[in-house]
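# Overview (structure and organization)
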Amino acid sequence: MIVAEPKPIKELLEMVQDFNKILVIGCKGCVTVCNVGGLKEVGILASTLKIARKKDGREIEVGEHVLERQCDPEYIDEVKDIIDDYDAVISLACGVGPQFLSERYPSARIFPGVNTKFMGGAVEHGVWSERCAGCGQCVIHYFGGLCPIARCSKSLMNGPCGGSSHGKCEISDDVDCIWDIIVRKMMAQGRLDELVKFRPPKSWTTARDGGPRKMVREELVI
Amino acid sequence: MSEYKAGSNLEKVLKAGHFAFTGECGPPQGANIELLKEKAGHLKGCVDAVNVTDNQTAVVRMSSWAASLVLLQEGLEPNFQMVCRDRNRLAIQSDILGVYTHGIRNMLCLSGDHQKFGDHPESKNVFDIDSMQLINTVKTMRDDGKFLNGKDIDVPPRLFIGAASNPFAEPFDFRVYRLAKKIEAGADFVQTQCIYNMDRFREFMKRAVDMGLHEKCYLLAGVTPMKSVGMARYMAKQVPGMEVPESLIKRLKGAGKGKVAEEGIKFAIEQIHEFEEMEGVAGVHLMAIEWEHRVPEIAERAGVLPRPQV
Ligand code: SF4
Ligand code: SF4
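Residues numbered from 1 in each chain as written. Chains lettered and ligands numbered in written order. Predicted model: local features only at pLDDT ≥ 70, side-chain atom pairs only at ≥ 80, totals over all residues. Heavy atoms only, no water.

### Concerning the domain arrangement of chain A
Structurally, chain A comprises domain 1 (2-118) and domain 2 (133-209). On a C-alpha basis, the centroid separation for the pair domain 1 of chain A and domain 2 of chain A is 37 Å. (Domains from an automatic or database assignment.)

Pasting the structure below:
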């Protein structure tokens, strides 16, 4: 899933300081799963905003709404009758949601309520970790089913570098060296021959380096 | 065609069977060319080639190619270092052409330290290709006369290709295979990370020799004299992939006040002597970090002077 974290309330208050009617829109997708943008978080943000502004002596009205998904025009349509009642919208979806809203409602003022971090998952309660960088050409089968593009700090295709120590990456003791894991796993599987095989430079044309991406699947186009 | 791959002094010395002795020089954090000349001057006549580091530890310095040219003008042979952190494959290949055009004949291919602990941690990194692929790029350009896209090069650059190896990083069992992979990718010579744990290095070399790697590539053992107990502790704890045995720290401490640096030099000289005898080791790479002025003395005492003229 896409993992996000809440923006600090101070930053959000500054963003919407000139507005007095705000709609907070959540999403039932990834951000609900990682506890930043679901029904519960929409409610919490709405009351936090109200309390903070009340303290300031500038009361505001905050509407709450949660969409099935904000990355789908069909669901985005759902707020068409209410969005004009507000001066500003805070989207608690990943970076996709507020953009779909911005595109669908050109006159609305849309603000991002979360910081979108990465594609990954929860490795333990309250801890998420990155797994994929969306390079557009998946090659993890060469690396024991683990991704060095997203998970090696230097995206090495022929790791591990000389900074790997005690299973940790040179950048931090908090970061596992994925190459250490790849090597140990593949050696245990008796796949040393694959590990010593030279992996040529990757084509980044399918990654973000190739420009903003779009995908068309003819069989699905109506 | 010449019998040499690039014809650098380093290549000639190694090919003639001499025990090579290379040094290192970090470019200045500014345009202080006088400082660079002074540092390099200490190494003149003491080493076969001088590694010129490339924004080492991700700290901005004069570019390694520019500093390498200064060394050339000063009559020293540079070993131009290039990291993959700061350049994509376009810049990499054009810099290779550029340095060759100006007379640089050795190049050390590295991935590069991550910028997180450098002086511009906010920067974006590149890592378009990795060190292994960089080695292979230089080889493809030299031996096949082709760019990475397969197009012909009009006058290919001929560089003696260097790689780094860290025998102490983990997983230890894989390190010798990764070295083999670098040789397969095109490394002509390899300079190792600074060695302090001699037992582990002996074991590593034994494995390398068993695999016949010393016959395919020149292996230079990395030596950095310890200046102080603090430096030893720092290396042991703070430098990832560095192994400093407790026994060495004890030995340095035991030397007593004011004598630690001398003990560090003594240890380095003992190492150099052992490497001269060790099967598969073709030379020593002396990284006297910010201690260039001590290199002549170390070289003299280690008995590696005068350097061979080939
Ligand atoms: S190889 Fe590419 S697509 Fe596959 S997991 Fe890694 S970044 Fe994602
Ligand atoms: S220590 Fe491991 S994860 Fe970190 S950059 Fe090196 S190979 Fe990649």
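Let us keep going from here.
### Things to note about a positive patch on the surface
Residue and element names in this part refer to chain B. On the surface, Arg-233, Lys-237, Lys-250 and Lys-253 cluster together into a patch of positive charge. Those elements that place two or more of their residues in the positive patch are α8 (229-238) and α9 (246-254). Within the fold, Lys-250 resides in helix α9. (Patch = residues over 30% accessible without salt bridge, like charges linked within 9 Å, V, L, I, M, F, W, Y side chains within 5 Å. Areas by Shrake-Rupley, 256 points an atom, 1.4 Å probe, with all protein chains shown as cover. Salt bridge = Lys/Arg side-chain N within 4 Å of Asp/Glu carboxyl O. Lys, Arg positive; Asp, Glu negative; His and termini not counted. Charge placed at Lys NZ, Arg CZ, Asp CG, Glu CD. Helix = DSSP H or I, 4+ residues; strand = E, 2+ residues; numbered from the N terminus.)

### Some details on the site of ligand 2
Close to ligand 2 lie Cys-152, Ser-153, Lys-154, Leu-156, Pro-160, Cys-161, Ser-164, Cys-169, Glu-170, Cys-177, Ile-178 and Trp-179 of chain A, which account for all nearby residues. Each residue belonging to the shell around ligand 2 can be placed in one class, and the counts come to eight nonpolar, two polar and two charged. (Near = heavy atom within 4 Å. Nonpolar A, V, L, I, M, F, W, Y, C, P; charged D, E, K, R; others polar.)

### Description of unusual backbone geometry
Residue Pro-160 of chain A follows Gly-159 of chain A across a cis peptide bond; omega there is -5°. Backbone torsion omega between Leu-305 of chain B and Pro-306 of chain B reads -5°, so that peptide bond is classified as cis. For Ser-155 of chain A, which is not glycine, the phi torsion reads 50° and is therefore positive. One can find Ser-155 of chain A in the loop between α6 (148-151) and β8 (168-169). Note on Ser-155 of chain A: relative accessible area 18%, which makes it buried. Positive phi is not limited to glycine here, since Asn-55 of chain B has a value of about 40°. Along the chain, Asn-55 of chain B falls in the loop between β2 (49-52) and α3 (64-73). (Buried < 20%, exposed > 50% of the residue type's maximum accessible area, 1.4 Å probe, protein only.)

### Description of the pattern of salt bridges
Residues and elements named next belong to chain B. If you walk through the whole model with that rule in mind, you get 36 salt bridges over all chains. Across the pair Lys-146 and Asp-152 runs a salt bridge, and its minimum N-O distance is 2.5 Å. Judged by its relative accessible area of 58%, Asp-152 is exposed. Of the charged contacts in the structure, one is a salt bridge between Asp-173 and Arg-207, with a shortest N-O distance of 2.9 Å. You can see Asp-173 sitting in helix α6 (residues 172-185) and its partner Arg-207 sitting in helix α7 (residues 198-210), a full 34 residues away along the chain.

### Side note on the state of the cysteines
Here a disulfide denotes one covalent bond, and it connects the sulfur atoms of two cysteines. Tallied over the full model, the rule gives zero disulfides over all chains. Cys-25 of chain B carries a free sulfur, and the closest cysteine sulfur to it, the one in Cys-46 of chain B, is 13 Å from it. (Disulfide = S-S within 2.5 Å.)

### Some remarks on a negative patch on the surface
Together, Glu-61, Asp-81, Asp-84, Asp-85 and Asp-87 of chain A line one region of the surface with negative charge. When you line up the elements, Asp-84 of chain A lands in the loop between α4 (73-76) and β4 (88-91).

### A look at the site of ligand 1
As a matter of local geometry, ligand 1 sits amid Cys-132, Ala-133, Gly-134, Cys-135, Cys-138, Val-139, Ile-140 and Cys-147 of chain A. Residues that form the shell around ligand 1 fall into these classes: seven nonpolar, one polar and no charged.

### Re the sheet that holds strand β4 (residues 106-110) of chain B
Residue and element names in this part refer to chain B. Strand order in this closed barrel of eight strands is β1-β2-β3-β4-β5-β6-β7-β8, and the pairing throughout is parallel. On average, each strand axis in the sheet is inclined to that of its neighbour by 30°, with strand direction left out of account. Bridge analysis of strand β1 (residues 20-25) against strand β8 (residues 281-286) gives three bridges, and the strand direction is parallel. Bridging across to β8, Ala-20 finds its partner in Gly-283. Sheet strands in contact with helix α5 (residues 131-144) are β3 (78-83), β4 and β5 (160-165), and its direction is about 150° off that of β4. (Pairing = 2+ DSSP bridges. Axes fitted to C-alpha atoms, helices over the stretch in contact; angles between N-to-C directions. Contact = heavy atoms within 4.5 Å.)

### A look at the environment of Gly-30 of chain B
Along the polypeptide, Gly-30 of chain B turns up in the loop between β1 and α2 (33-43). Considered as a pair, Gly-30 of chain B and Arg-61 of chain B are 31 residues apart in the sequence and their alpha carbons are 6.3 Å apart.

### A word on the packing of aromatic side chains
Using the criterion set out here, one finds seven aromatic pairs over all chains in the structure. With a centroid separation of 5.0 Å and an interplanar angle of 25°, the aromatic rings of Phe-160 of chain B and Phe-189 of chain B are classed as stacked. Of this pair, Phe-160 of chain B sits in strand β5 while Phe-189 of chain B sits in strand β6 (residues 189-194), and the two are 29 residues apart along the sequence. Here Phe-160 of chain B falls in the buried class, since its relative accessible area comes to 1%. Judged by centre distance (6.2 Å) and plane angle (25°), the rings of Phe-201 of chain B and Phe-204 of chain B are stacked. Here Phe-204 of chain B and Phe-201 of chain B lie together in helix α7, a separation of three residues that amounts to about one turn. The buried category is assigned to Phe-201 of chain B, whose relative accessible area is 1%. An aromatic cluster of three or more residues is present, and its members are Tyr-142, Phe-143 and Trp-179 of chain A. (Phe/Tyr/Trp six-rings, centres within 6.5 Å; stacked < 30°, edge-to-face > 60°.)

### Observations regarding the packing of helix α4 (residues 89-101) of chain B against α5 of chain B
Residues and elements named next belong to chain B. Packing of α4 against α5 leaves a shortest axis separation of 11 Å and a crossing angle of 50°. Of the possible angle classes, the one that applies to α4 and α5 is oblique. Handedness of the crossing formed by α4 with α5: right-handed. Residue-level contacts link Ile-92, Gln-93, Ile-96 and Leu-97 of α4 to Leu-134, Thr-137, Val-138 and Met-141 of α5. Residue composition of the contact of α4 with α5, by class: six nonpolar, two polar and no charged. (Parallel < 35°, antiparallel > 145°, perpendicular 65-115°, else oblique. Left-handed = near helix turned anticlockwise from the far one by under 90°.)

### Here we look at the interface of chain A and chain B
Facing the 31 residues of chain A at the interface are 29 residues of chain B. A combined buried area of about 2,500 Å² lies between chain A and chain B, and 58% of that area is made up of carbon and sulfur atoms. On the chain A side of the interface with chain B, the three residues burying the most area are Lys-154, Ile-171 and Phe-198 of chain A, jointly 21% of the side's total. Put simply, chain A and chain B have 19 residue pairs in polar contact (both at pLDDT 80 or more) between them. Looking at the side of chain A that touches chain B, the elements with two or more residues in it are α7 (178-188) and α8 (192-195) of chain A. Tallying contributions element by element places α7 of chain A first for the side of chain A that touches chain B, with four residues. (Buried area = accessible area lost by both parts, 1.4 Å probe. Polar contact = N/O pair within 3.5 Å; in protein donor to acceptor, adjacent residues only side chain to side chain.)

### Describing the nonpolar core
The biggest cluster of nonpolar side chains holds 90 residues, and the ones touching the most others in it are Met-107, Leu-134, Tyr-196, Phe-201, Met-226 and Phe-275 of chain B. Top element by residues in this core is helix α10 (residues 260-277) of chain B. It accounts for eight residues. By size, the runner-up hydrophobic cluster in this structure holds 23 residues, among which are Phe-19, Ala-46, Ile-60 and Val-62 of chain A. (Core = buried A, V, L, I, M, F, W, Y, C linked by side-chain atoms within 4.5 Å.)

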